[in-house]
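Summary of the model geometry
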Amino acid sequence: MIGACTVNIILILITQNRSQIPSSAMSTTPSALWMQCTHSHSGAGQGYKCKAQRQSARAIRHSPIILQSYFIFRVLLYHQNFPLLPTSTAMILDRSHVILHHTALGTTFKGVDHPVSTPDVPIHQFRGIKYANVPARFRQSKLVTSYPSSVDATRHGPICPQPDQKSLEEDLIGLADSDIPRQFFKQDEFECLNLNITCPAGHHSESQLPVMVWIHGGGNRGCGSSWVYDGGALVRKSVCIGKPIIMVTINFRIGIFGAAASLQLADDNRAAGDEGVGNYGLRDQRQALEWVNRHIADFGGDPSNVTLFGHSSGAADIVAHLYSNANMTCPLFSRAIVQSAIIEHNPPELHSAGWQLSRALAPLHASSVAQLRAVDPESLFNVNLPFRAVDDGVFFRKGFRDLLFPPSELEEPARAPLDRGLNSLRSAIRKGKVRSRSPHPVGSRLAAAPPPPTPGLQPLLIGDCACDSSPWSQPAQQWAAPAVVRRIRAICQSITKASALLNAYEIAPHVMSNDLTDRLLELVEDARIAWPTECVVQAAQRSGRQVWRYVFDQEGPARGMPHHAADLIYLFDNVPLPLSAASSPTAFDDDESLPSLSSSRSTSADVGEILGKMCTVDELELMEVDKFSYGSDLSFRGWAQPVVDELMYAHVRDAIQERWIVFAQGERPWDNSRGKVYVFGPEGETGERSEGIFGGRRRQKIWESVLKPLGMALVQKVAQELSNGPGLAR
């Protein structure tokens, strides 16, 4: 009642001060103005499809009277202990709700019409549905099997405790703080296991729609309820192209709450009847999949047609699920999409994980399990564990490391002389075969005879972004070239090995700081994302699994580079975009691409076609200067950054959304025969490309000639040290 009175007072305030509201909104009712303002600030509605709509909405929410009203609303809700969630205002304003009677559970879920819902494409959303309980800190979650007769699913649920700061994606996207929709979530480690379902309206248990379950990234921060991942636009797109899907986003334990493991915790969990220890976040995700498998049918979904997809650390979690014992014996998803996975190749075993946990907790003086459970969550979420998963002898299938990352030549004395790998490295150094400053086309990889399929390995769509090392830009900028050389030599403990890495990425004591940062980021990107991604691809191919490989080189609209998480901007279509209305002079039409001179067999006709696409100096001088923006400290390799205009954005957005939706339907997203890959960008280019294109866009030659002989363990250790920045070795 107090909330309704509060909003009524604010609506009167808006009505009496309409002169302060932009003229573009004068025809809008006070209630609609208020809803537009609160949705813009909360992130609940991202339905602006043209520049004029976005500019009008921004003008409205930044007008003095709206800002004043919104501030009053926030203060009053705070003092009345009302959480400000994206749907709370909708409830107060008695926005239309949707009701779903779940026959199997014997309950009624009350959800909301999604803000992108329209009469011709109605979209419903059910928020904060609890899927599992946490019986105690550092214990395995238990599936929720019963609900009260009525469940309020109009509000997002609590999230795992974490620092109050922007998510990783919000940091990377490059928006001004004023343009980031604000969300406020309660934090509760025991009530954070909840999910959100976005679905087309009018479907039932016989509809059997494909289901896409999203695993969010962000490491030790972020949540599945973030506005960045809201499923409204993707679900709407699926309906519009005649291939409707249901999308589920989940919240799970992160940070120390989701990863802690030790021998003491193992004894405690065993006494409670749990099998295994640690991996609590991964097991929460498994519980969410179990809930979907049991209960998604009444929402219109097909429990036998579930696609698991995720990004960054969430994508790495999917790789862990693919190689888990549970997936081998009882798979709960049909296929997987892995986007820019940050894969740690060697999860610690229990003894090592316990030692690292004790070291991290030393400042808290909590040594026993009871003491650890008594520590307040605010003290724990700042504890940084160097691992996200643990090899507890239960979760992962036996030999998963060798399946994913075969030993390097230097680690195979039984199959080759010890110096074979060293000789190949010395040869590469002497001949100067490897350089990283520009892509190097390589010949097609030889296709081996397909091995028999391995049980529990699902079809895979996988790829990465061209500048995926952007999360480590700041620490990379702090290094001095001589210090990098010394650190790499110290880690490698071999002049030959260190020289191979230093030469491959052209790192030397005299390198200038700007060039050094770029080269360090290339090394980190290859070691932590690009090469491990290729290893996952090769492991899948060895197992006989179907694999679709993509490369995302499309610039992010705000930063002008294909940074980590740039693909999420186009996939979910929720980000307020700083787009130019003008067409980019460097955009491609449809699926046209520049031909590649990938080998000496390129003909004079190929060369003529390339020259025909080039601009003369006079033509460049006639181009409008404002169609290009020039570098910041994160510029893309120093080149002029093409503006991402409306058409270019829409072209890439449609391409990635449609490919993901088609894959979720169980269809081929593109022709992957003969090693074909799908490219997104740069500058609006999309389409299938030959295998040779991949070698020209990624440093594949370095992976094969340098990184593989050195081995994943050494390469990732070097990259992690460089990612941390200079200082004490970690």
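Below is a summary of the structure that appears in this document. (Residues numbered from 1 in each chain as written. Predicted model: local features only at pLDDT ≥ 70, side-chain atom pairs only at ≥ 80, totals over all residues. Heavy atoms only, no water.)

Those residues of helix α20 (residues 495–504) not exposed but buried are Thr496, Ala498, Ala500, Leu501, Leu502 and Ala504. Between a side-chain oxygen at the N-terminus of α20 and the backbone nitrogen of threonine 496 the separation is 3.3 Å; the capping residue is serine 494. Trailing α20 by a residue or two, glutamate 506 shows a phi angle of about 55°, which is positive. (Buried < 20%, exposed > 50% of the residue type's maximum accessible area, 1.4 Å probe, protein only. Helix = DSSP H or I, 4+ residues; strand = E, 2+ residues; numbered from the N terminus. Polar contact = N/O pair within 3.5 Å; in protein donor to acceptor, adjacent residues only side chain to side chain.)

The next point concerns the pairing of strand β10 (residues 301–311). Burial analysis of β10 places nine of its eleven residues in the buried class, the great majority of the element. When strand β8 (residues 209–215) meets β10, the two strands line up parallel, connected through six bridges. Bridged to tryptophan 214 within β10 is phenylalanine 309. Two elements, β10 and strand β11 (residues 335–339), share five bridges in a ladder whose sense is parallel. Bridging across to β11, histidine 311 finds its partner in glutamine 339. (Pairing = 2+ DSSP bridges.)

A word on the packing of aromatic side chains. Counted by the stated rule, this structure contains 22 aromatic pairs. Between phenylalanine 396 and phenylalanine 400, the ring centres sit 4.4 Å apart and the planes meet at 15°, which makes this aromatic pair stacked. Look at phenylalanine 396 and you get buried, because its relative accessible area is 6%. By relative accessible area, phenylalanine 400 is classed as buried at 6%. Centroid distance tryptophan 660 to phenylalanine 680: 5.9 Å. Interplanar angle 70°. Geometry classified as edge-to-face. Placement of tryptophan 660 in helix α25 (residues 646–664) and of phenylalanine 680 in strand β16 (residues 677–680) is noted, with a sequence separation of 20 residues between them. Overall, the relative accessible area of 0% leaves tryptophan 660 in the buried class. The exposure class assigned to phenylalanine 680 is buried, which follows from its relative accessible area of 0%. (Phe/Tyr/Trp six-rings, centres within 6.5 Å; stacked < 30°, edge-to-face > 60°.)

It is a general feature of regular strands that their side chains alternate between the two faces of the sheet. Most of strand β3 (residues 123–130) is tucked away, with six of its eight residues classed as buried. Here strand β2 (residues 107–113) pairs with β3 via two bridges, running antiparallel. Bridge pairing in β3 places aspartate 113 opposite histidine 124. Bridge analysis of β3 against strand β7 (residues 194–200) gives six bridges, and the strand direction is antiparallel. Its bridge partner being in β7, histidine 124 is matched across the sheet by cysteine 199.

Right, let's talk about the side chain of serine 543 for a bit. Structurally, serine 543 is set in the loop between α21 (513–542) and β13 (547–552). There is a polar contact of 3.5 Å between the side chain of serine 543 and the backbone nitrogen of arginine 545.

With respect to the element layout, arginine 559 can be found in the loop between β13 and α22 (566–572). With relative accessibility at 14%, the residue arginine 559 sits in the buried group.

Turning our attention to the state of the cysteines. Two cysteines joined by a covalent bond between their sulfur atoms form a disulfide. Across all of its chains, the model carries zero disulfides by this definition. Here cysteine 465 is not disulfide-linked; the sulfur of cysteine 467 is the nearest cysteine sulfur, at 8.6 Å. (Disulfide = S-S within 2.5 Å.)

A few words on the environment of valine 292. Counting through the fold element by element, valine 292 comes out in helix α10 (residues 280–295). When the C-alpha positions of valine 292 and leucine 195 are compared, they lie 9.7 Å apart, and in sequence the two are 97 residues distant. Beyond its immediate chain neighbours, meaning those up to four positions away, valine 292 contacts Val211, Val213, Val248, Pro303 and Val306. (Contact = heavy atoms within 4.5 Å.)

Okay, unusual backbone geometry next. Cis geometry marks the peptide bond from glycine 681 to proline 682; its omega dihedral reads 5°. Structurally, proline 682 can be placed in the loop between β16 and β17 (686–689). Of note, the phi angle at glutamate 506 is positive, near 55°, even though the residue is not glycine. Here glutamate 506 lies in the loop between α20 and α21. A positive phi angle, near 55°, is found at aspartate 573, a position not held by glycine. Note that aspartate 573 resides in the loop between α22 and α23 (604–613).

Ranked by size, the top nonpolar core spans 133 residues in total, and within it Ile197 and Trp291 carry the most contacts. In terms of residue count, α21 provides more of this core than any other element does, 13 residues in total. Here tryptophan 291 is in contact with Leu105, Ile129, Lys130, Tyr131, Leu143, Val144, Tyr147, Leu195, Ile197, Ile296 and Phe299, once residues within four sequence places are set aside. Within the second largest apolar cluster, 46 residues are counted, among which are Ile173, Ile245, Ala565 and Val644. (Core = buried A, V, L, I, M, F, W, Y, C linked by side-chain atoms within 4.5 Å.)

Let us now look at the packing of α21 against helix α28 (residues 712–724). Two numbers describe how α21 lies on α28: the axes approach to 9 Å, and their chain directions differ by 140°. Here α28 runs oblique to α21, going by the angle between their axes. As α21 runs across α28, the sense of the crossing is left-handed. Contact with α21, carried on its side by Leu520, Leu523, Val524, Ala527, Arg528, Trp531, Pro532 and Cys535, involves Met712, Val715, Gln716, Val718, Ala719, Gln720, Leu722 and Ser723 of α28 and no other residues of that element. Grouping the amino acids of the contact of α21 with α28 by side-chain chemistry returns twelve nonpolar, three polar and one charged. (Axes fitted to C-alpha atoms, helices over the stretch in contact; angles between N-to-C directions. Parallel < 35°, antiparallel > 145°, perpendicular 65-115°, else oblique. Left-handed = near helix turned anticlockwise from the far one by under 90°. Nonpolar A, V, L, I, M, F, W, Y, C, P; charged D, E, K, R; others polar.)

This brings us to the pattern of salt bridges. In total, this model carries 32 salt bridges according to the counting rule given. Residues glutamate 667 and lysine 243 are paired through a salt bridge, measuring 3.1 Å at the closest nitrogen-oxygen approach. Highlighted residues: glutamate 667 in the loop between α25 and β16 and lysine 243 in the loop between α7 (232–240) and β9 (246–250), separated in sequence by 424 residues. Note on lysine 243: relative accessible area 24%, which makes it partly exposed. We note a salt bridge from glutamate 525 to arginine 699, for which the minimum N-O separation is 3.5 Å. Of this pair, glutamate 525 sits in helix α21 while arginine 699 is found in the loop between α26 (691–697) and α27 (700–710), placing the two residues 174 residues apart along the sequence. As far as burial versus exposure is concerned, glutamate 525 and arginine 699 are alike and both buried. (Salt bridge = Lys/Arg side-chain N within 4 Å of Asp/Glu carboxyl O.)

A separate point is the packing of helix α19 (residues 481–492) against α20. Following both chains from N to C, one finds α19 and α20 inclined at 140°, their axes separated by 8 Å at the closest point. Classified by the angle between their axes, α19 and α20 sit oblique to one another. Taken as a pair, α19 and α20 cross one another with a handedness that is right-handed. Across the interface between the two elements, Val485, Ile488, Arg489 and Cys492 of α19 pack against Lys497, Ala498, Leu501 and Leu502 of α20. When its residues are assigned to classes, the contact of α19 with α20 shows six nonpolar, no polar and two charged.

Purely spatial values, then, with no claim about function.
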